[in-house]
Amino acid sequence: MRIFTAALATETNTFSPICIDRRAFEASLYAPPGRHPETPTLCTAVVTVGRAEARRRGWTLIEGTAAWADPAGLLNREAYESLRDEILGQLRAALPVDAVLLGLHGAMVADGYEDAEGDLLERVRAIAGPGALIGATLDPHSHLTRRRVAASDLLVAFKEFPHTDFVDAARDLWRLAGDALEKRVRPAISVFDCRMIDVFPTSRAPMRGIVDDMRRTERDDPLVLSISVIHGFMAGDVPEMGTKVLVVTDGAQAHGDALARRIGLELFRHRGTFMVPQMGPEDATRRATAAARGPVVIADVWDNPGGGTAGDATVILTELMRQGAEGVAVGTIWDPVAVSICMAAGEGATIPLRFGAKSAPGTGNPIDARVEVVRLARDAQMRFGESLAPFGDAAHIRLPDGTDVILNTVRAQSFDPSLFTALGIDPAARRILLIKSTNHFHAAFAPIASEILYCSAGTPYPNDPARTPYRRAPRDIWPITDDPHAGSEYSA
């Protein structure tokens, strides 16, 4: 067997002002053929898992380019087309191939390409031919379009949010591809459109139970090969935005259709109950400062670079300072200009500095203070499961009230406490940790946290679909409309 593998992934918040080009991929991950590191990145595990699978099976693996950019706004047209064509050229050179297995995100939008992954998959199909098996891993925060389904034989999304299972998803894809190539199964894809958009953390009920049931069904039902919930991405203003259920069966289309519908209607029945309740900055600060012990983790859930925002909001930090909170460490605030000033000043310097709140309205006001430059780091990284996530050149500064702040140059959400230790801060010794993430932080921070507070502050992210000024997204989904299934057999 000859298998071609490559990855091209980013998540596009179409409301974000942070447009990106090839430099964003080069800052996060750009690996030409054969140069992908042994540690996987979120959407590129298909490459590293593929190396092990090809060796085990005695198959020939042809690696193409693997490129990942941290979530942001619109992708530059030339950047998308050049990366796409780079991979397609490598595929042509690899022909003939029995299969193409790709690492995709699923929420990439480029200038002129609302459905970038659909465009890529269609072109892959045209080159590889109708007899080749085409498969991909997807992030659940994506858009499952008709074009993608039509061009693919296998699609597998991460089940967990936080995405602790991205390597497992790649292993599932390779296992199913092997079974299909060796004619043990005949994959058939079923999709159910839930006609809703929501946030589905799997660290709590009801989504925890739904995912556990999905895994049991995969294990116990011999006709079911894979079940995925495509959560959707509410900051992506595209025509096929929304939550969908994807079931892959062994040639049992009707069975898959029924199962996808059952899971989808269960999701719809629980609409509006999945997300952890959030509090405002004043309440979060009062509760954190009153806690008997630390560290209390305050998650700034909507200024989350993992959702394409800048990650430079200062609303919660300002409130912590106003209420005189002690023992605070902040990780991170994105401000490349402030980092360059700190780098020039050097460790140990005390300088006047303005930082934060430069990217957009609703992110608070810049903070002006005379700060100590405590530590500087080039090309800083933190852990995220089995991978390493870069957050760029970084500066640990200390405000006059003792608050420690990490400023960074490569936007990244707060995945793991190692982001603090990378800059010399012991997170377990702090009373309050202010981080920026919706839920990916949970698996790594929960073991050290005395309490976790989810805080909604400012308006850096379009987090209320009922009020978001969409121009392209469907109008017949909840909560944009109360009962999108009205008049159908699925009416609530």
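Being a predicted model, the structure only gives us computed values, none of them experimental.

## A few points about the UniProt feature "domain: Microcystin LR degradation protein MlrC N-terminal" (unreviewed entry) in the chain
Mapped onto this numbering, the UniProt entry annotates "domain: Microcystin LR degradation protein MlrC N-terminal" (unreviewed entry) at residues 2-288. With 39% helix and 20% strand, residues 2-288 has end C-alpha atoms that lie 56 Å from one another.

## Side note on the pairing of strand S8 (residues 224-230)
Taken across its 7 residues, S8 has 7 buried, putting it largely inside the fold. Sheet topology places S8 next to strand S9 (residues 244-250); 6 bridges connect them, and they run antiparallel. Pairing of Ser 226 across the sheet is with Val 248, part of S9.

## Considerations on the nonpolar core
One finds Phe 4, Leu 8, Tyr 80, Val 100, Leu 102, Phe 391 and Phe 420 to be the most contacted residues of the largest nonpolar core, which totals 119 residues. Here this core gathers at least three residues from each of two domains, domain 1 (2-270) and domain 2 (281-455). Discounting chain neighbours no more than four positions away, the residues touching Val 100 are Phe 4, Leu 91, Val 124, Ala 128, Leu 133, Ile 134 and Gly 135. Listed in part, the 36 residues of the second largest apolar core include Val 328, Ala 369, Val 371 and Ala 457.

## Some words on the environment of Phe 166
Within the secondary structure, Phe 166 sits in helix H6 (residues 166-181). On the basis of relative accessibility, which here comes to 2%, the residue Phe 166 falls in the buried class. Linking Phe 166 and Asp 98, residues 68 residues apart in sequence, is a C-alpha distance of 24 Å. When neighbours within four sequence positions are excluded, Phe 166 is seen to be in contact with Pro 40, Thr 41, Leu 42, Ala 45, Phe 158, Phe 384, Glu 386 and Ser 387.

## A closer look at the pattern of salt bridges
Following the criterion strictly, the structure yields 40 salt bridges and no others. We note a salt bridge from Arg 219 to Asp 220, for which the minimum N-O separation is 2.8 Å. Each member of the pair, Arg 219 as well as Asp 220, carries the same accessibility label: exposed. Of the charged contacts in the structure, one is a salt bridge between Asp 300 and Lys 436, with a shortest N-O distance of 3.0 Å. Residue Asp 300 is located in strand S10 (residues 296-300), and its partner Lys 436 is located in the loop between strand S16 (432-435) and helix H13 (442-445); the two are separated by 136 residues in the primary sequence. Among the charged side chains, a network of salt bridges with common partners joins Glu 53, Arg 56, Arg 57, Asp 179, Glu 182 and Arg 184.

## Quick notes on the environment of Phe 355
Tracing the backbone shows Phe 355 in strand S12 (residues 350-355). The exposure class of Phe 355 is buried, given its relative accessible area of 0%. Counting along the chain gives 310 residues from Phe 355 to Ala 45, while the straight-line C-alpha distance between them is 35 Å. When residues no more than four places from it in sequence are discounted, the contact partners of Phe 355 are Thr 314, Leu 317, Ile 333, Asp 335, Ala 338, Pro 366, Ile 367, Ile 397, Leu 399, Val 405 and Leu 407.

## Observations regarding the sheet that holds S8
A sheet is described by the order of its strands in space; here 3 strands give the open sequence S7-S9-S8, paired in antiparallel fashion. The open sheet terminates on both sides in strands that have one partner only, identified here as strand S7 (187-193) and S8. Across the sheet, the axes of successive neighbouring strands diverge by a mean angle of 15 degrees, strand direction being ignored.

## Quick look at the packing of helix H2 (residues 45-57) against H6
It is the contact of H2 with H6, at a shortest axis distance of 9 Å, that shows an interaxial angle of 45 degrees. By the angle class used here, H2 and H6 are oblique. Handedness of the crossing formed by H2 with H6: right-handed. Here Ala 45, Val 46, Val 49, Gly 50, Glu 53 and Arg 57 of H2 lie close against H6, whose contacting residues are Phe 166, Val 167, Ala 170, Arg 171, Leu 173, Trp 174, Arg 175 and Gly 178.

Conventions adopted
- Residues numbered from 1 in each chain as written.
- Predicted model: local features only at pLDDT ≥ 70, side-chain atom pairs only at ≥ 80, totals over all residues.
- Heavy atoms only, no water.
- UniProt positions renumbered as here; feature names shortened; annotations may be inferred.
- Helix = DSSP H or I, 4+ residues; strand = E, 2+ residues; numbered from the N terminus.
- Buried < 20%, exposed > 50% of the residue type's maximum accessible area, 1.4 Å probe, protein only.
- Pairing = 2+ DSSP bridges.
- Core = buried A, V, L, I, M, F, W, Y, C linked by side-chain atoms within 4.5 Å.
- Domains from an automatic or database assignment.
- Contact = heavy atoms within 4.5 Å.
- Salt bridge = Lys/Arg side-chain N within 4 Å of Asp/Glu carboxyl O.
- Axes fitted to C-alpha atoms, helices over the stretch in contact; angles between N-to-C directions.
- Parallel < 35°, antiparallel > 145°, perpendicular 65-115°, else oblique.
- Left-handed = near helix turned anticlockwise from the far one by under 90°.

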